[in-house]
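# Inside the fold
For reference, the chains in residue letters:
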There are 2 protein chains.
Amino acid sequence: MSDLILLATQKLFNGEQRRYRHYSQFNHCDMTFSVYLPSRALHGYHRPVLYCLGGLTCTDENFSIKSGAQRFAAEWGIVLIMPDTSPRGDNIADAAAYSLGQGAGFYVNATIQPWAQHYQMYDYIVTELPQLIEMHLPVNNQRSLCGHSMGGHGALMIGLRNPHRYTSVSAFAPIAHPSASNWGKKAFTAYLGTNKADWAQYDSTLLLQQKISNNLPILIDQGSADEYYPTQLSPNNFANTAANKGFKIYYNLREGYDHSYYFVSSFIESHINFHATAFGL
Amino acid sequence: MSDLILLATQKLFNGEQRRYRHYSQFNHCDMTFSVYLPSRALHGYHRPVLYCLGGLTCTDENFSIKSGAQRFAAEWGIVLIMPDTSPRGDNIADAAAYSLGQGAGFYVNATIQPWAQHYQMYDYIVTELPQLIEMHLPVNNQRSLCGHSMGGHGALMIGLRNPHRYTSVSAFAPIAHPSASNWGKKAFTAYLGTNKADWAQYDSTLLLQQKISNNLPILIDQGSADEYYPTQLSPNNFANTAANKGFKIYYNLREGYDHSYYFVSSFIESHINFHATAFGL
């Protein structure tokens, strides 16, 4: 287990916003993430953790700066973890497109070179980062997931595959059926190859068709004016599949909202409250 | 009066975040500003306006994206106006330093060339922009000022010089005594020349020593861990002057907070509430 290097700390809502770097054993490179520690965590209480997964082009800072989540994490005493969305660096494989390579890891374990060497984001988010957080920071063993766009895909997919590890999942405008979206097809082809059986394990709508523990609380918000809603995101496919399986989820189509963080910030309070309730706070 | 060109609109907290461009008669160039219209304004009610002035290097977008102010403006039904901090463009005078030229207008009317041609930010903020807003948007004649750093200087200075035009003023980490700060000395020398009598009309601490209507409610928050606090900002000079003059202000030194928008976002709720109370909402 590598050590955490503290890069910065700033007081925020009576807690601390921090930035850390560490060497990732899975991604074989340095990774940076941000943390929000509410006051109760700074005073030694071990608190639940919400992992906040970013979308295409995002670093650990977009959700940190734009979502407004810390105000409500402070109220409830929830620790927020904002990971990066891919490995990064001059020696890391990349692509010209914003939807592939650095800033676009899609939370998968790549099996195709050159991506396979560093793009092991599924294992990084599910296994390595929680181990690191739980070893070094004042958290308990309650974990939940939240994400926006590509990060919404990550949150749903990781939650559905690991319902025993997570208390609740929420997503803003998630890429909920990536096998049917051009973003998803391009990324999955590059990272995983052309065998669609290999894609299914990373497609939330397909995962929901197969198995599922019905105990995982899921909340999805989607803006009706989001330009990516009908073609790239398709959370309605996910919601319809859930309905057909008798799997209760909370799905809200929000009239007039777009794909931006202004949309996220408008509904982040209800997402944090949703997770707080699931945590039993 | 030039027309407003709508550049973008995004739904936010059930209202709209908009961006406009217009030709400024005072600055002799196009200017861009952002607006937050709460739902009540969109439904035709004429609402009070809070002008939110940015700091060094900022555009109209920094406060818009990072402050979190819209959540509370939505609750109270307050219109927010986020102006740019200077004229901008390839043909506009600029300097290499971040504290002079584009992004650093200091809310003065420059009298020295090459700045005097376009840098007429005092008249732009006090006269031209409110005329435009009050002609084109659903606002009433109640105006207040809020600002961060250089924008805190702008808010205090403009409020003190025009107490009849503004209902209340608040500032985060303001450059409260610019004649005594290196940022202020550099900017005032460039824009106004070396005669310090010309600086005094733009220095809030000096303005407070001279006159003052005691009716203007003023709120200042300052972080104790702000690296610029002792040398560039000096809000304590302003607070001490106010105390000596028997002028009641609200001044809070906030333990451990820095100069960033994380500090602003931690206390923006209390600032919006302060203005709402002053507006009689």
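Sequence order as written defines the numbering, with residues in each chain counted from 1. Chain labels run from A onward and ligand labels from 1 onward, assigned in the order the entries are written. In keeping with the model being predicted, local features are shown solely for residues with a pLDDT of at least 70 and side-chain atom pairs are shown and tallied solely at 80 or more, while totals for entire chains, interfaces and linings include all residues. The side-chain quantities take in all heavy atoms of the structure and omit both hydrogens and water.

## Remarks on the relation of the copies chain B and chain A
Copies overlap after least-squares fitting; the atoms used are the C-alpha atoms of residues with pLDDT of at least 70 in both. For the pair chain B and chain A, the superposition axis carries a translation of 0.0 Å, the fit reaches an RMSD of 0.0 Å, and the rotation angle comes to 180°. What we have between these two chains is a two-fold relation. Identified as the residue of chain B closest to the rotation axis by C-alpha distance is Lys66(B), at 3.0 Å. In this assembly, 100% of the residues forming the interface of chain B have copies in chain A that are likewise at the interface, indicating an isologous arrangement. Contact between two residues is taken to exist if any of their heavy atoms lie within 4.5 Å; hydrogens are not considered.

## Details of the confidence of the model for chain A
Each residue carries a pLDDT score, the predictor's confidence in it, ranging from 0 to 100. Per-residue pLDDT for chain A has a mean of 96; in total, 99% of the residues score no lower than 70. Overall fold confidence for the complex sits at a pTM of 0.95, while the interface term, ipTM, reaches 0.94.

## Quick notes on the packing of helix α4 (residues 121–136) of chain A against helix α5 (residues 150–161) of chain A
Residues and elements named next belong to chain A. In this analysis, axes come from line fits to C-alpha atoms, helices being fitted only over the stretch in contact, and the angle between any two N-to-C directions falls in the range 0 to 180 degrees. Each helix is a run of DSSP H or I of at least 4 residues and each strand a run of E of at least 2, with the numbering of both proceeding from the N terminus. Where α4 meets α5, the axes come as close as 12 Å, and the angle between the chain directions of the two elements is 60°. With respect to each other, α4 and α5 are oriented oblique. Taken as a pair, α4 and α5 cross one another with a handedness that is right-handed. Counted together, Tyr122, Ile125 and Val126 of α4 and Met157, Ile158 and Arg161 of α5 form the full contact between these two elements. Each angle receives one of four descriptions, namely roughly parallel if under 35 degrees, roughly antiparallel if over 145, roughly perpendicular if within 65 to 115, and oblique otherwise. Each helix crossing is assigned a hand: it is left-handed if the near helix lies turned anticlockwise from the far helix by less than a right angle, otherwise right-handed if that turn is clockwise.

## Quick notes on the interface of chain B and chain A
Listed by partner, the interface residues are 22 residues for chain B and 22 residues for chain A. Once two parts are joined, some of their accessible surface, as seen by a 1.4 Å probe, is lost; buried area is that loss totalled over both. Both sides together, the interface formed by chain B and chain A hides about 1,900 Å², and carbon and sulfur atoms give 50% of it. Counting the surface chain B buries against chain A, the share from its top three residues, Lys11(B), Arg71(B) and Tyr262(B), is 37%. For this analysis, a salt bridge means a side-chain nitrogen from Lys or Arg found within 4 Å of a carboxyl oxygen belonging to Asp or Glu. Our enumeration of links across chain B and chain A arrives at two salt bridges. As a salt-bridge pair, Arg71(B) and Glu269(A) come within 3.2 Å of each other at their nearest N and O atoms. Throughout this description, a polar contact denotes any pair of N or O atoms lying within 3.5 Å of each other; where both atoms belong to protein, one of them has to be capable of donating a hydrogen while the other can accept it, and for residues adjacent in sequence the pair is counted only when both atoms sit in side chains. For the pair chain B and chain A, the interface holds 14 residue pairs in polar contact (both at pLDDT 80 or more). Within the residue set of the side of chain B that touches chain A, elements represented by two or more residues are β1 (5–12), α2 (61–66), α3 (69–76) and α11 (261–279) of chain B.

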